[in-house]
Amino acid sequence: IKRMKGLSLARPIIYGNSATPLNGKKGGDADHTHRWTISVRGVNNEDISYFVRKVAFKLHDTYDNPNRVIEKPPFEVTETGWGEFDIIIKIHFNPISGEKPLTLYHHLKLHPYEEDGLGNPWPKQKPVTSYQYDEIVFNEPIDSFYTILQEN
Ligand code: SLL
């Protein structure tokens, strides 16, 4: 195994959630108030599967099968529910890379802030989003993985 000494490469990702109130529409259970999607994706929806092998989303234990492993893009989970909680996101990289999985945390956001910052209440039934930009840095990547990163 040859490593690219002194080199590092970064790849941008966006992770987080969107949520829409169900407004009484049929969701899952009767007490569910929102439909939401948690996702890990590339900037401008760039396909990240050349370096991401799979993504595991660990949901709250109130969900059936809370560990959701997504093996191909889009790396996302859509659910309905009633509450906010922390989602543990574990990104597994292309096995060629030899990189350890990366763990990220995201607080699922369902409810908008109470006001818009100008003193006006935020409409309760408006969809909300909570996304973060991040850069995954690969330090001294294995040469074959370096080639894959550069070619995509
Ligand atoms: C809270 N600490 O109390 C948080 C927990 C859990 C939300 C929120 C489950 C949906 C289902 C669901 O929405 N859990 O039953 O499938 O706010």
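In what follows, the structure referred to is the one given above.
The structure contained in this document is the topic of the report that follows. Bear in mind the structure is a predicted one, so any value in this text is a computation, not a measurement. (Residues numbered from 1 in each chain as written. Predicted model: local features only at pLDDT ≥ 70, side-chain atom pairs only at ≥ 80, totals over all residues. Heavy atoms only, no water.)

Here's the deal with the side chain of Asn94
Put simply, the test is: Only DSSP runs of H or I with at least four residues qualify as helices, and only runs of E with at least two residues qualify as strands; both kinds are numbered from the N terminus onward. The rule is simple: take the accessible area with a 1.4 Å probe, protein chains only, and divide by the maximum for that residue type; under 20% is buried, over 50% is exposed, in between is partly exposed. For the purposes of these results, a polar contact is taken to be a pair of N or O atoms within 3.5 Å, where, inside protein, one atom must be able to donate a hydrogen and its partner to accept one; residues adjacent in sequence count only when each atom of the pair is a side-chain atom. Residues count as neighbours in contact if any of their non-hydrogen atoms are within 4.5 Å of one another.
As for its position among the elements, Asn94 is in the loop between strand 6 (86-93) and strand 7 (102-107). Here Asn94 falls in the buried class, since its relative accessible area comes to 14%. Polar contacts involving the side chain of Asn94 include one to the main-chain carbonyl oxygen of Tyr50, which spans 3.1 Å. In contact with Asn94, other than residues within four places in its own chain, are Tyr50, Phe51, Val52, Arg53, Phe145 and Ile148.

Some words on the environment of Ile1
Locating Ile1 in the fold gives a position in the segment before strand 1 (8-21). Distance in space between the C-alpha atoms of Ile1 and Gln125 is 54 Å, their sequence separation being 124 residues.

Topic: the nonpolar core
Rules: Only buried residues count toward a nonpolar core, which is a set of Ala, Val, Leu, Ile, Met, Phe, Trp, Tyr and Cys residues joined through side-chain atoms within 4.5 Å.
Trp36, Val40, Phe51, Phe57, Ile87, Ile89 and Ile91 are the most contacted members of the largest nonpolar core, which has 33 residues in total. Broken down by secondary-structure element, the contributors of at least two residues to this core are strand 1, strand 2 (34-41), strand 3 (52-58), strand 5 (75-81), strand 6, strand 8 (128-139) and helix 1 (143-151).

Some details on the site of the ligand
Put simply, the rule reads: Any residue with at least one heavy atom within 4 Å of a molecule or strand is counted as near it. Here, Shrake-Rupley sampling with a 1.4 Å probe gives the accessible areas, and only protein chains in the shown set may cover a residue. For cavity detection a 1 Å grid was placed over the protein atoms alone, and a set of points counts as a cavity when a 1.4 Å probe fits there but cannot get out; an open set counts as a pocket when protein lies on both sides within 12 Å along at least five of seven lines, with lining residues being those that have an atom within 4 Å of a point. The way we define it, a molecule is inside a pocket or cavity when more than half of its atoms are within 2 Å of that pocket's grid points.
The immediate surroundings of the ligand are formed by His32, His60, Thr62, Tyr63, Gly81, Trp82, Gly83, Glu84 and Phe85. Backbone polar atom of Trp82 to an oxygen atom of the ligand: 2.9 Å apart, as the coordinates give it. Gly83 places a main-chain nitrogen or oxygen 3.5 Å from an oxygen atom of the ligand. Compared with its free state, where it exposes 470 Å², the ligand has 69% of that area covered by protein. Of the pockets mapped on this structure, the ligand occupies the largest pocket.

Digging into the pattern of salt bridges
For clarity, the threshold we go by: Every case where a carboxyl oxygen of Asp or Glu lies within 4 Å of a side-chain nitrogen of Lys or Arg is listed as a salt bridge.
Summed over all chains, the structure comprises 3 salt bridges. The closest approach of N and O atoms between Arg68 and Glu79, which form a salt bridge, is 3.1 Å. Placement of the pair is Arg68 in strand 4 (residues 67-70) and Glu79 in strand 5, with a sequence separation of 11 residues.

A few points about the pairing of strand 6
For the record, the criterion: Only when DSSP finds a minimum of two bridges between them are two strands counted as paired.
Burial along strand 6 is one-sided: Ile87, Ile89, Ile91 and Phe93 are buried, while Asp86, Ile88, Lys90 and His92, pointing the other way, are not. Inspection of the sheet shows strand 3 paired to strand 6 by 6 bridges, in the antiparallel sense. Paired with Phe57 across the two strands is Ile89, which belongs to strand 6. Sheet topology note: the strand 6/strand 7 ladder contains 6 bridges and is antiparallel.

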